[in-house]
Amino acid sequence: MRVLGAIEVRRDGTAVPIGGPKPRRLLAVLLAHANSVVSSDRLCEELWGEEQPASAIDTLQSTISRLRRVVGDGAQIVARPPGYVFEPGTVWIDSRSFEALLTESRSIADASARAQRVEEALSLWRGPAFGEFAHHDWARSEAVRLDELKLVATEELIDAHLADGSHGELVGELEGLVTEHPLRERFWLQLAVALYRSGRHAESLRRLDAFRSLLRDQLGLDVSAAAREMESRILAQDDTLFGPSARSATASRNKLVSTEDATRLLGRERDLEAIEALTLQSRLITLVGPGGVGKTRLALRAAAVTATQFTDGSFVVHLAAVRDPDATIAAVAATLDVQQRQHLSMEDTIVEFLRERRMMVVLDNCEHLLVRVAPFVDRVRSVCAQVVILATSREPLGLAGEHVWPVEPLEVSPREADIDVIAAAPAVQLFVERAAAARSGFELTEKNAATVAEICRRLDGLPLALELAAARLRALGPEALVARLDQRFQILGSTHGGGDSRHRSLHDLVQWSLELLTADEQRLFYRLAVFAGGFDLDAVEQVCGLDDLAHDGVASLLANLVDKSMVQLIEPDGPRYQLLETMRELGADRLDDEERSAVQRSHAQWYLSVAERAALGLTGPDEARWMITLEHETDNLRAAHNSAVRDRDIDTALRLVAALREFSFRRINYEITAWASTSFAMPDAETHPRYPTVAAVVAYGQFVRGDLESALEIGQHAVAAGERLGTGTSGLAERTLGNAIFYKGDAATALRWMDRQTTSARTGSKARLAHALYMQSVAHTSVGDTVRGAVLAGEASAAAQTCRSPTALAQAAYALGVAMEPADPEEAEQHLRRAVTEAARAGNRWIESFALTEIYWLHARAGDTRNALLGYSSVIETWYRGGDWANQWLSLRHVFGLFVELEVHRVAATLHGALSAAGAAYALPFLPADAERLNQLVDELRRTLGPAGFAAAVRHGASMRDAEIIGFVLHEIGKLQE
């Protein structure tokens, strides 16, 4: 019997007719009062109302009689004065089952299992409880109780999913729930957590603010203490909000294989136990074995199961896509989300970053880069005492103290074994699992067990070989497959001298798989080797669809290669594909020099077109989509730039840098500035129309790393080149010069450069104009002209509204918020929060961090100093990782003031020493009142500590390296929160 929706009776899966409206209503009344007597008078009133017929009691009795036949023998409708009672007996009622399942779920500790049980309970619902009768007085209390319990179950299901590490897929569902149930606070808090864990911190705050406004406007109430606490934790970037299994945004971009991977890691229990033990003993472990043996998956799983040992996280550097050894360090930096710092090489920067961290770094597929990987790893080991390197390679790195762990193929069964022994062999289990995926219904039987075991033996238990062979079962049976494997290896076995026999077997199988392809499939497969990392269908069609390979047939050829396990489909929704390194090597070896050059040129031109289309897309409402595209294509863009430099293709090299500059700045990914330096130095580059912009990119890179003199010199050179060529610098040189000169304390000259930037921008896109006006606005505000700052912010907002770029909207909101701070801090914060929201929507980490800095400063001035400091921790970490020297010191100057206010005098004086040594103690663009107050605090510190104590602390701060001062500040902030 069902009441969770329309009233329904079913027997043996088939609906039982209840009768007309009156029998349905009568049954509903009895069900609503199950096990309780309902008087005959009440039942008659519910059936006929006040105008009851004379035969009402007789009709009631006959209707009850019919209902007894409907409900059958399992339940009873008993006559009991003064009326009737429904006794369910053994009848199953969905509402009772729902409540039992929900109660049971609360005793289950495992979040995933708990969620499954709640989902089972909720699946019983088909609509509002008691369906069409829910609004009647006799049903309302029970219906409301059940409907409320359903909402509670939904809340508990979401809690279970959040505890299990899910969040991104919950956002849409929760947005719908808060719309449907706007006053239900728990849904709003869950939505805030899901958004926060998805890296959408600003949106999380915005939704909590919307809930506060809703309560205030509709009910005149304030949010609960729990909601206020949630908001404070989000503002403070509280790591505990991520839950026990969540990682930082950077870690999620370099995600480890979880312990519950989609496909089982078979036969590796001993390896995992050994590697876990080795991480406690050795700081360099290298997993060595032939291609296709499963080193990568083992390393990722080992990193996942040892994650709790490393308080600063585990990161995976995928090196298979790196072809140029000189790009190795850049790949490591990109994974760690670290950018080059002032006066340091990229390698020095990474070492400084890792020096005090407890972290695992997985270097996957090192064999082709050993000349660069080995010395880097050796240096990390010598300096970074708490970093463990887990490398995978076909050969050892060759370093003293390296612990080499051979990764053996999966165990195969002995000959003449029975089916139970064969089925227990990991190699057989993997083959059968993949074969069942390739050929529906395939399973191990008495008939085929010996043949399957022989296939696994012939392939030496190599996982990749087993997967390739299993894919062949679409067209061949096991007996035919093993026969062809025998023949194939006999033919090829003598063609390979030396080397690992297992690798030769894999090579032979791949070679055989290749020969089973059509000629067009082979040509496409070879050409796919030009891609670095993943690629999408459009790229394949444009890069590989050359004259002899029909463009319109590439999609079907690629689908065939996926079906034959020669290409991996890694993102079905894209779709997006990749080649395993073993496959890529085989394809690259088959390209002759002429074809390789042609495909590489095609590859560079395609990714140049992607970059230039993205540059245009970043100026409009689709900015976020283009940011994600460029993030996905970083490996290919890097490869395209490298090939352009190698081929002395000045046009492609310079246009790529010019197109990618805004992506670089917004993501705080200054690797592009290194590309700019290389392109800038190419012979004859100075005659290219993009040369002035590329020179400006170089200048900007010098500025963010704190080399102000170089930034000024190269910036002036860029302006002169732009005037000489008549192309300008896209306003970037003027932007750089204005920033650098402002930093040096010459506000009047800096403002003139910013005026020139705006003048230049008026002939460009609205997004570029919005940026220039934002810069002008903040500059005028910082020298005390808040009226002019607000006017310029309004102009920036008008330009931003035209182009609808989230970055432009964020910059305009930020400028207006800063201009309004002295007059109306509350409204200023609203504008700054909008800036955070828009920046997060676009993936613009730079302006998001800027806006958060101002919000924390407002909170500190309002008295919430400790929470503001905690918020500054995350911002400082962002600037430090990004190598953004200028903004790092701006945030640290704020922190200096807060330390003084909290009377942490010696710490404040030490930080002042570091600020002074960096040339950042006085010259930064603050509001004049704030700057004056901070200068007064220095005198206050000197009086409090005394001349000798103040001088000693200042000397100590001045002697610290950047990494040391960052570590010092974060440590002191952490102490204040204890």
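Residues numbered from 1 in each chain as written. Predicted model: local features only at pLDDT ≥ 70, side-chain atom pairs only at ≥ 80, totals over all residues. Heavy atoms only, no water.

A. Structural context of the pairing of strand β4 (residues 76-80). Direction of pairing for β4 relative to strand β5 (residues 83-87): antiparallel, over a ladder of five bridges. By the bridge assignment, I77 is partnered in β5 with F86. (Pairing = 2+ DSSP bridges. Helix = DSSP H or I, 4+ residues; strand = E, 2+ residues; numbered from the N terminus.)

B. Structural context of the packing of aromatic side chains. If you walk through the whole model with that rule in mind, you get 18 aromatic pairs. Ring centres 4.3 Å apart and planes at 40° place the aromatic pair F665 and Y700 in the tilted group. With a gap of 35 residues between them, F665 in helix α30 (residues 650-666) and Y700 in helix α32 (residues 691-704) connect regions that are remote in the sequence. Assessed through its relative accessible area of 2%, F665 is described here as buried. A ring pair is formed by F680 and Y691, whose centres lie 5.4 Å apart and whose planes are at 10°; its orientation type is stacked. In this pair, F680 is assigned in helix α31 (residues 671-680) and Y691 in helix α32, connecting sequence segments 11 residues apart. You can call F680 partly exposed: its relative accessible area is 22%. By relative accessible area, Y691 is classed as buried at 4%. Of the aromatic side chains, those joined through ring pairs into one cluster are F665, Y670, Y700, F703 and Y743. One residue, R357, lies across the ring of F353, its end atom 3.8 Å from the ring centre. (Phe/Tyr/Trp six-rings, centres within 6.5 Å; stacked < 30°, edge-to-face > 60°. Buried < 20%, exposed > 50% of the residue type's maximum accessible area, 1.4 Å probe, protein only. Lys NZ or Arg CZ within 6 Å of the ring centre and 35° of its normal.)

C. Spotlight on the sheet that holds strand β12 (residues 568-571). As summarised here, the arrangement of the three strands in space is β11-β13-β12, forming an open sheet in which the pairing is antiparallel. The open sheet has two edge strands with one neighbour each: β11 (535-536) and β12. Bridging between β11 and strand β13 (residues 576-578) involves two bridges; their strand directions are antiparallel. Within the sheet, the bridge partner assigned to D536 lies in β13 and is R576.

D. Structural detail: the packing of helix α39 (residues 825-842) against helix α40 (residues 845-861). Look at α39 against α40: their axes get within 8 Å of each other, and the N-to-C directions meet at 155°. As far as their axial angle goes, α40 and α39 are roughly antiparallel. As for the relative orientation of α39 and α40, their crossing is left-handed in sense. Counted together, P825, A828, E829, L832, R833, A835, V836, A839 and A840 of α39 and I847, E848, A851, L852, E854, I855, L858 and H859 of α40 form the full contact between these two elements. The residue inventory of the contact of α39 with α40, partitioned by class, reads 12 nonpolar, one polar and four charged. (Axes fitted to C-alpha atoms, helices over the stretch in contact; angles between N-to-C directions. Parallel < 35°, antiparallel > 145°, perpendicular 65-115°, else oblique. Left-handed = near helix turned anticlockwise from the far one by under 90°. Contact = heavy atoms within 4.5 Å. Nonpolar A, V, L, I, M, F, W, Y, C, P; charged D, E, K, R; others polar.)

E. The nonpolar core, seen in detail. If you look at the biggest cluster of nonpolar residues, it comprises 188 residues, and the most contacted ones within it are L363, L528 and F899. Non-local contacts of L363, meaning those with residues more than four positions away in its chain, are made with V317, L319, V332, V373, V377, I389, L390, A391 and T392. Grouped together as the second largest cluster of nonpolar side chains are 50 residues, L30, A32, L60 and L146 included. (Core = buried A, V, L, I, M, F, W, Y, C linked by side-chain atoms within 4.5 Å.)

Read these as layout, nothing more, since geometry by itself doesn't imply function.
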